[in-house]
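The chain contents come next:
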Amino acid sequence: MIFDSHLHTDFSADSTMLFEEAKREANKQKIGIVTTEHLDYNYPDLADFTFDFDEYFKKYKRYRGNDVKLGIEIGMRPECLEALKKVIIQYPFDYVIGSIHMVGNIDIYYDIFYQGREKEKVYNEYFDAMLKCLKVYDFIDSLGHIDYIARYGKYVDPEIHYHEFKEQIDVVLQIAADKGLAMEINTRRFGDKKVIDALMPIYKQFKASGGEFVTFGSDAHTPQAVGNYLTTANSFAKECGLQPVYFSSRKPIIMLE
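Since we're looking at a predicted model, the values are computed, not measured.

Visitor: Requested: an account of the pairing of strand β2 (residues 32–39), with residues and values cited.
Guide: In terms of burial, β2 is a largely internal element, eight of the eight residues being buried. Alternating positions in β2 separate into two faces, Gly32, Val34, Thr36 and His38 on one and Ile33, Thr35, Glu37 and Leu39 on the other, with burial throughout. Looking at chain direction, strand β1 (residues 3–7) and β2 are connected through three bridges and run parallel. Residue pairing across strands places Asp4 opposite Ile33, the latter belonging to β2. Tracing the backbone out of β1, into helix α1 (residues 19–29) and back to the parallel element β2 gives a crossover that is right-handed. Bridge analysis of β2 against strand β3 (residues 68–75) gives seven bridges, and the strand direction is parallel. Residue His38 lies in a different strand from β3, and its bridge partner there is Glu73.

The following block contains the structure:
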């Protein structure tokens, strides 16, 4: 079964999708799902990107089974390391995504992060933050959406081109491979061929660095986005020589088509 291993229900501050809506859509497509609610401590805004972990497991445990897993997406920051580690140790998550959402206490979703700043400097800061966190975060299962910054970068060409940031990307990928992490193939932007073309060399380098596994994630916040472009992601993974997996009880399970 193919799994969509990245989606957000109404336990996430930026999503109103009900679990039942996500499950209904997954059933239509005959895919499995992993809920991965946001946990970003010390978020510098009015939004609260935390949730009640006990309530999460209490509410969703009845759905947990062969086609439903319960995960979390943590916003990695050096100063939040111990607090996040405590949560992951305490609760029985199936899957933990480690993502970079903030750099220098600014969410890179916001325009202010880019205003008046050159792409090279901004993206270098992003990869520096990613590198620092990967070195010390030893309780994640995958690196989430390496191209997150390209969603929001305010540049004529916001894509991450491997040759432009090769030095930093190579170190990021080597650490991920050495730690046995999966790389998420985030399909949110996979309707655009230029996105796929830009990402292909990065994932091929992950394979060359000794990386083995990838997960697929739509990053859905609405029912309409559940399962988007998973078939495209599967073809992408095959071309890169990487094995698609999902996680159950923090262990990678080979996905069967």
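Visitor: Which residues make up the pairing of strand β9 (residues 213–217), and what values go with them?
Guide: Of all five residues in β9, five are buried, a share of seventy percent or more. Here β9 shows two buried faces, one formed by Phe213, Thr215 and Gly217 and the other by Val214 and Phe216. As judged from the four bridges shared by strand β8 (residues 182–186) and β9, these two strands associate in the parallel manner. In the strand pairing of β9, Glu184 is matched with Thr215. Pairing between β9 and strand β10 (residues 243–248): two bridges, direction parallel. Each residue of the ladder has a partner; that of Phe213, found in β10, is Gln243. Note on the crossover from β9 through helix α8 (residues 230–240) to β10: the handedness is right-handed.

Cut-offs applied
Residues numbered from 1 in each chain as written. Predicted model: local features only at pLDDT ≥ 70, side-chain atom pairs only at ≥ 80, totals over all residues. Heavy atoms only, no water. Buried < 20%, exposed > 50% of the residue type's maximum accessible area, 1.4 Å probe, protein only. Helix = DSSP H or I, 4+ residues; strand = E, 2+ residues; numbered from the N terminus. Pairing = 2+ DSSP bridges. Right-handed = clockwise from strand over helix to strand, strands pointing away.

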